[in-house]
Amino acid sequence: MAASTTDRTLENNRQYASGQALHAPAYPGKQPIRPAKRVAVLACMDARLDVEDLLGLQTGDAHIIRNAGGVVSDDAIRCLIISHHLLDTNEIILIHHTRCGMLAFSDDLLKAGLEGDPAAEKLLGQATGRAFTSCRQCASTPSAFHAFRGALEPLDAPRDAKQTERLTWDVRRGMSAILSHPWLPTSGPDAVSVRGFIYDVDTGKLEEVSHPGPMGSFA
Ligand SMILES: [Zn+2]
């Protein structure tokens, strides 16, 4: 079987991690609207991820969808459906990363802090090293922040086995949410493939996450 675009981007990533970026930032001229590599990437907004560089993608190659965490949110699904059904992408790459800010809080903690709970304000201040200033208002949106499951850790904590496990869980949850969506076919003539990865911000390397597998634990 021919190598997929995802496989080729993994080759590019090995080159990137060794210090050689393949992305050419110059204006490439007129481009078609459909992504040339037929790939859609969903990745965290983290400032340390330069998605085109780390995958060796050029302008016009891919849809790149980003949000806090690279979460498969309602809006991310909306983008993926449009990307596939209208603009002909057939591979989805999901990227989470080490030291992600989404490991350092929970939805309840952030909401309580924003609403004015002094204990939550204090904890968030300690976790981020920034004075957390409550807004002292309740709000109906966003309905969720999608903080990652598992025991909280300090912001930007170095990777350890527990962090890898939490990231792995969340990549799998994201893959599962995409794979089970009725409007993103994963079999038949119009199928999309989905592969998930953890990007290590300290090494520049992508590591693939297997699916299916565990997606969390209260233990
Ligand atoms: Zn992140």
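Residues numbered from 1 in each chain as written. Predicted model: local features only at pLDDT ≥ 70, side-chain atom pairs only at ≥ 80, totals over all residues. Heavy atoms only, no water.

Colleague: Got a minute to help me understand helix α1 (residues 5-17) in this structure?
Modeller: Side chains three or four residues apart in an α-helix point the same way, a direct result of the helix having 3.6 residues per turn. Its 13 residues place the ends of α1 18 Å apart at the C-alpha level, agreeing with the 18 Å of an ideal helix rising 1.5 Å per residue. Summarising the contacts, the buried residues of α1 are in contact with β1 (39-44), α2 (51-55), β3 (91-97), β4 (193-199) and β5 (206-209). Phi turns positive, to about 105°, at Gly19, one or two residues after α1. (Helix = DSSP H or I, 4+ residues; strand = E, 2+ residues; numbered from the N terminus. Expected span 1.5 Å × (residues − 1). Contact = heavy atoms within 4.5 Å.)

Colleague: Got a minute to help me understand the coordination of the zinc ion in this structure?
Modeller: Tetrahedral coordination by four donors sets the ideal angle at the metal to 109.5 degrees; octahedral coordination by six donors sets it to 90 or 180 degrees. The protein atoms donating to the zinc ion are Cys44 (SG), His97 (NE2) and Cys100 (SG), with metal-donor distances spanning 2.0 to 2.2 Å. Ordering the donors of the zinc ion by residue number gives the pattern C-x52-H-x2-C. Of this pair, Cys44 sits in strand β1 while His97 sits in strand β3; the two residues are 53 residues apart in sequence, bridging distant segments of the chain. Like His97, Cys44 is buried. (Donors = N, O, S within 2.8 Å, 3.2 Å for Na, K, Ca; no water. Buried < 20%, exposed > 50% of the residue type's maximum accessible area, 1.4 Å probe, protein only.)

Colleague: It is not clear to me how the nonpolar core should be interpreted in this structure. Could you clarify?
Modeller: The biggest cluster of nonpolar side chains holds 32 residues, and the ones touching the most others in it are Leu80, Phe105, Phe148 and Ile178. Sorting the residues of this core by element identifies β1, α3 (74-85), β3, α4 (107-115), α5 (118-128), α6 (161-179) and β4 as the ones contributing at least two each. In this view, Phe105 contacts Leu110, Leu124, Phe145, Ala147 and Leu152; residues no more than four positions away in its chain are not counted. (Core = buried A, V, L, I, M, F, W, Y, C linked by side-chain atoms within 4.5 Å.)

Colleague: It is not clear to me how the environment of Ile65 should be interpreted in this structure. Could you clarify?
Modeller: Assignment of secondary structure puts Ile65 in strand β2 (residues 62-67). On a C-alpha basis, the gap between Ile65 and Met45 in space is 8.9 Å, while along the polypeptide they are 20 residues apart. Apart from residues lying up to four places away in sequence, Ile65 is in contact with Val41, Leu42, Ala43, Ala76, Cys79 and Leu80.

Colleague: How should I be thinking about the pattern of salt bridges in this particular structure?
Modeller: Opposite charge on two side chains allows them to pair when their charged atoms are near. Summed over all chains, the structure comprises 16 salt bridges. A salt bridge links Glu165 to Lys162; its shortest N-O distance comes to 2.8 Å. Taken together, the positions of Glu165 and Lys162, both in helix α6 and 3 residues apart, correspond to about one turn of that helix. Judged by relative accessible area, Glu165 falls into the partly exposed class, the value being 34%. Accessibility expressed as a relative area gives 39% for Lys162, which makes it partly exposed. Residues participating in the shared-partner salt-bridge network are Asp46, Arg48, Arg99, Asp156 and Asp202. (Salt bridge = Lys/Arg side-chain N within 4 Å of Asp/Glu carboxyl O.)

Colleague: Help me understand unusual backbone geometry, please; the structure alone is not making it clear to me.
Modeller: For residues other than glycine, phi is negative in most cases, and the peptide bonds are mostly trans. The omega torsion of the bond from Thr141 to Pro142 falls at -5°, within 30 degrees of zero and hence cis. For Pro142, the position within the fold is in the loop between α5 and α6. With an omega dihedral of 5°, the bond running from His211 to Pro212 counts as a cis peptide bond. Relative to the helices and strands, Pro212 is located in the segment after β5. You will see that Arg136, though not glycine, has its phi angle at about 55°, which is positive. Backbone geometry places His146, a non-glycine residue, at a positive phi of 60°. Its relative accessible area of 36% is what places His146 among the partly exposed residues.

Colleague: Just checking my understanding: could you explain the layout of surface pockets for this structure?
Modeller: Take a probe with the size of a water molecule and roll it over the atoms, and the empty space left behind shows itself. Taken as a whole, the largest pocket encloses approximately 430 Å³ of empty space. Surrounding the largest pocket, 20 residues form its lining, Gly101, Met102, Phe105, Thr128 and Leu155 being those nearest its centre. Considering only residue class, the lining of the largest pocket consists of 12 nonpolar, 3 polar and 5 charged. (1 Å grid on protein atoms, 1.4 Å probe; cavity = no way out; pocket = protein on both sides within 12 Å on 5 of 7 lines; lining within 4 Å. Points joined across faces, edges and corners; volume = space filled by probe spheres on them. Nonpolar A, V, L, I, M, F, W, Y, C, P; charged D, E, K, R; others polar.)

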